[in-house]
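So the chains spell out like this:
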Amino acid sequence: MQYRPEIDGLRALAVLPVIFFHAGVDWLSGGYVGVDIFFVISGFLITTIIYSELSEKRFSILKFYERRARRILPALFLVLIVSTVVAIFTMLPYKLVTYGQALVGTVLFISNIVLWKQSGYFATEAEMNPLLHTWSLGVEEQYYLFFPLGLMLIWWMKRQWVITFLVIAGVASLLLSEWASSNMPNANFYLLPTRVWELLVGGLLSIVLIKGNQPGKKTAETISLAGLFSIAISIFLYDSQTPFPSFYALLPVLGSAAIIYAATPDTLTGKLLSTRPLVLIGLISYSAYLWHQPLFAFARIIEPGDEPGLSTMIALAFLSLMLAFLTWKYVEQPFRNKKKYNRNWVFGASFIGSVLFVLLGAGILGSKGLLGLYSEPERKIVGKTIVEYGNYVEAEYNKLTGKEISEDDRALIIVGDSFSQDFYNIVRESKVFSGYEISTHYVPARCQIFYGIPFSEVASNINESDREMCKKRILSKEDVENFKKADVIVFALRWEAWSASLMGQTMESMGLTTSDNVIIVGSKQFEKSRAKLLAHFREYGPDKKRLVDEKEIEINNILKEELDGYGFVDIISGYCAGGVRYSRKTAVQYHMMGVI
């Protein structure tokens, strides 16, 4: 296969936006599409190798996997060793458990599945996962596992079916991706079935070029520039709210294919991508991709609750490039030397290394993230994972969602977002409403609670990407009539100032008066950084007060003014009522005595 420096330049065009997007450079809001460019390149190169060798009757599946091991594992193992050492010394147990899961998933090339189960790619918590980026390795390795075998089978059955099969599979995957972008967005982002079309575009392109279908110079110039422009549009105009992958992914994917197809050394695009700096970055792009996310994640972990400054993140981005050059020169290149490291050595070392990492990950999981190193009181802060907390908050509440309210029994309905779920758990554990039949109604915080106000009047307060969803989730007349069957109605939400200022009008529109048993639970605040909580606990003990943000106090003041005469529960003031610090449960009970 003839070396094409412009493809290494295209790799640079893929990795740099990804790195600086993760660094927090706002104007590269679509930088994540760099991964899609990599998929097209990988699909092109792999299919070129397999198709050419099948045509020459010299394809070997063992040789294919040997090349993959030499290419992928040495640098990956180095980054995993360094990341694991740093993780053990910097991560709290609940995060270390998540890391252990990702470590095992990475080595087994199922990290995309593990990460899909853990969180969304754009979630704040995900940014603190040092192995977040390995999801794409999982996708590629799963593709490398199935694609060669499938291509060999089709080749053996009827060679002429290859292109037809790839086209059908690619179109099916694209259509699935478009559907899943709305219905299963996390699975759509992480899993192979909705990503495979991107690799197949590169695969189909390789067959086109192998068959000698190349454009003329003027056509090549136009196509390659259009490809470059398409990639630029997606990098600068897409963002975390863009449904992805979907038909939107066609822009960077087809743009990459256009460059590979037409960016010959005679074209402006080809000359640009063949410049020495871009080619060098392309050569080290794999190692750069491996290093950047651990550097960024650990910077965020070491400064809990405080996002490192942009200058720090950019400095780390350049550090990832320097580490990548050293890794490429002293790790990647030496292990490609077949005379020094033969096939048996490569497979043996790969197996032993993988087993050791799996055992290490299993040890981390078995020890619950080294939880035994912490005192019993501290374990309550650092022990439970995000998933475990989520299960606790949601599980019992969800069982009661939509439960029919009977007018024959005393009934309580709790309406709101995750704060209402939290409130339900307080009620359940404190038994404040023992003897009541309880029902729940979930309203996403992104949508807020309001009623009797046209959606068009409040839509500007809601994130544009959430408006369609919220339009379907707003409270209906039927919802309100059902609420009014209950003896007590509770509204608990992470309030925004705009919705708080409408609560008086909402109560009036619902037909709820001050004589009704209505409880509105005000906004609350809690420390999200468990590292800060742990440090605070160790320095001051459990009873030291913390300051509350003025924003939360202001929102509660708005609610108090709007809801004069209604049962308003101000947890923040109740938490420290009369200068005495109460637990949240006691604070709720304290208010209930004056409300019901």
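Residues numbered from 1 in each chain as written. Predicted model: local features only at pLDDT ≥ 70, side-chain atom pairs only at ≥ 80, totals over all residues. Heavy atoms only, no water.

**Student:** Just checking my understanding: could you explain the confidence of the model for the chain for this structure?
**Tutor:** Of all residues in the chain, 93% attain a pLDDT of 70 or more, and the chain-wide mean is 89. Contacts of residues 577-596 to residues separated by more than four positions or lying in other chains number 44 contacts, the stretch itself having pLDDT below 50. (pLDDT = per-residue confidence, 0-100. Contact = heavy atoms within 4.5 Å.)

**Student:** Would you mind going over helix H18 (residues 386-400) with me for this structure?
**Tutor:** One turn of the α-helix equals 3.6 residues, which is why residues spaced by three or four share an orientation. Between the first and last C-alpha of H18 there are 22 Å, a value that for 15 residues agrees with the 21 Å anticipated at 1.5 Å per step. The largest bend along H18 measures about 35 degrees and falls at Glu394. Among the residues of H18, Val393, Tyr397 and Leu400 are the ones counted as buried. One or two steps after H18, the chain reaches Gly402, where phi turns positive at roughly 80 degrees. (Helix = DSSP H or I, 4+ residues; strand = E, 2+ residues; numbered from the N terminus. Expected span 1.5 Å × (residues − 1). Bend = angle between axes of the 7 residues up to and from the residue. Buried < 20%, exposed > 50% of the residue type's maximum accessible area, 1.4 Å probe, protein only.)

**Student:** Help me out: how do you make sense of helix H25 (residues 530-540) in this one?
**Tutor:** Here H25 has its buried residues at Arg530, Leu534 and His536. What you see down the axis of H25 is that its buried residues fit within an arc of 165 degrees, all on one side. Against helix H4 (93-107), helix H17 (376-382) and H18 lie the buried residues of H25. Following H25 by one or two positions, Gly541 adopts a phi angle in the positive range, close to 85 degrees. (Arc of directions from axis to C-beta.)

**Student:** Looking at this structure, how should I read the pairing of strand E2 (residues 437-442)?
**Tutor:** Working note: regular strand, side chains alternate between the two faces of the sheet. Bridge count for strand E1 (residues 411-416) against E2 is six bridges, and the pairing is parallel. When the sheet's bridge partners are listed, Gly416 is paired in E2 with Tyr442. Handedness of the crossover joining E1 and E2 through helix H19 (residues 418-430) is recorded here as right-handed. (Pairing = 2+ DSSP bridges. Right-handed = clockwise from strand over helix to strand, strands pointing away.)

**Student:** Could you clarify how one ought to interpret the pattern of salt bridges in this entry?
**Tutor:** Considering all chains together, one arrives at 18 salt bridges under this definition. The partner of Arg67 in a salt bridge is Glu53, with the nearest N and O atoms 3.4 Å apart. Of this pair, Arg67 sits in helix H3 (residues 61-90) while Glu53 sits in helix H2 (residues 34-55), and the two are 14 residues apart along the sequence. For Arg67, a relative accessible area of 22% corresponds to the partly exposed category. In this structure, Arg58 engages Glu56 in a salt bridge whose closest nitrogen and oxygen atoms are separated by 2.4 Å. In this structure, a network of salt bridges that share partners links the residues Glu53, Glu56, Arg58 and Arg67. (Salt bridge = Lys/Arg side-chain N within 4 Å of Asp/Glu carboxyl O.)

**Student:** Looking at this structure, how should I read the nonpolar core?
**Tutor:** In terms of nonpolar packing, the biggest core is built from 106 residues, with Leu76 and Trp135 touching the most fellow members. If you tally residues by element for this core, the top one is H2, at twelve residues. With sequence-adjacent residues up to four places away left out, Leu76 is seen in contact with Thr106, Phe109, Leu137, Tyr286 and Leu290. (Core = buried A, V, L, I, M, F, W, Y, C linked by side-chain atoms within 4.5 Å.)

**Student:** Which parts of the structure should I look at to understand the state of the cysteines?
**Tutor:** Under the defined criterion, the tally for this structure stands at one disulfide. Here Cys447 pairs with Cys470 through a disulfide, and the sulfurs are 2.1 Å apart. Because the torsion about its S-S bond is -80 degrees, the bridge between Cys447 and Cys470 counts as left-handed. Note that Cys447 is positioned in the loop between E2 and helix H20 (455-458) and Cys470 in helix H21 (residues 467-473), a separation of 23 residues in sequence. Residue Cys470 is classed as buried on the basis of its relative accessible area, which comes to 0%. (Disulfide = S-S within 2.5 Å.)

**Student:** Any chance you could explain the pairing of strand E4 (residues 518-521) here in plain terms?
**Tutor:** Judged by which residues are buried, E4 turns out to be covered on both faces: Val518 and Ile520 on one side and Ile519 and Val521 on the other are all buried. Two elements, strand E3 (residues 488-492) and E4, share four bridges in a ladder whose sense is parallel. Residue pairing for E4: Phe491 is matched across the bridge by Ile520. Where E4 meets strand E5 (residues 567-569), three bridges bridge the pair, whose relative direction is parallel. When the sheet's bridge partners are listed, Ile519 is paired in E5 with Gly567.

**Student:** Is there a simple way to think about the environment of Val86 in this case?
**Tutor:** Tracing the backbone shows Val86 in helix H3. A residue is classified by how much of its surface remains accessible, and Val86, at 27% relative accessible area, is partly exposed. Separated by 200 residues in sequence, Val86 and Tyr286 place their C-alpha atoms 21 Å apart.

**Student:** Looking at this model, I keep getting lost on the side chain of His22. Mind explaining?
**Tutor:** One can find His22 in helix H1 (residues 5-22). When its relative accessible area of 11% is taken as the criterion, His22 is described as buried. Polar side-chain contacts of His22 include one of 2.7 Å to the side chain of His292. (Polar contact = N/O pair within 3.5 Å; in protein donor to acceptor, adjacent residues only side chain to side chain.)

**Student:** Sorry, what's going on with the sheet that holds E1 here?
**Tutor:** The strands making up a sheet associate through backbone hydrogen bonding, with each pair oriented either parallel or antiparallel. In space, the five strands of this open sheet follow the order E2-E1-E3-E4-E5, with parallel pairing throughout. Looking along the sheet, the strands with just one partner apiece sit at the ends: E2 and E5. Geometrically, the sheet is characterised by an average inter-axis angle of 20 degrees between neighbouring strands, direction not taken into account. Its contacts with the sheet place H18 against E1 and E2, and it is angled at close to 105 degrees to E2. (Axes fitted to C-alpha atoms, helices over the stretch in contact; angles between N-to-C directions.)

**Student:** Is there a simple way to think about unusual backbone geometry in this case?
**Tutor:** Glycine aside, the phi torsion of most residues is negative, and most peptide linkages are trans. Residue Pro245 is reached from Phe244 by a cis peptide bond, and omega for that bond is -5 degrees. Within the secondary structure layout, Pro245 lies in the loop between helix H10 (217-237) and helix H11 (250-262). Positive phi outside glycine occurs at Lys57, with the angle close to 55 degrees. Inspection of the secondary structure assignment puts Lys57 in the loop between H2 and H3.

**Student:** Looking at this model, I keep getting lost on the packing of helix H6 (residues 135-157) against helix H7 (residues 162-183). Mind explaining?
**Tutor:** The relative placement of two packed helices is expressed as an angle between their axes plus a distance between the axes. Two numbers describe how H6 lies on H7: the axes approach to 10 Å, and their chain directions differ by 135 degrees. Judged on the interaxial angle alone, H7 and H6 are oblique. Touching Phe147, Leu151, Ile154 and Trp155 of H6 are Val162, Phe165 and Leu166, all from H7. Tallied by class, the residues present in the contact of H6 with H7 amount to seven nonpolar, no polar and no charged. (Parallel < 35°, antiparallel > 145°, perpendicular 65-115°, else oblique. Nonpolar A, V, L, I, M, F, W, Y, C, P; charged D, E, K, R; others polar.)

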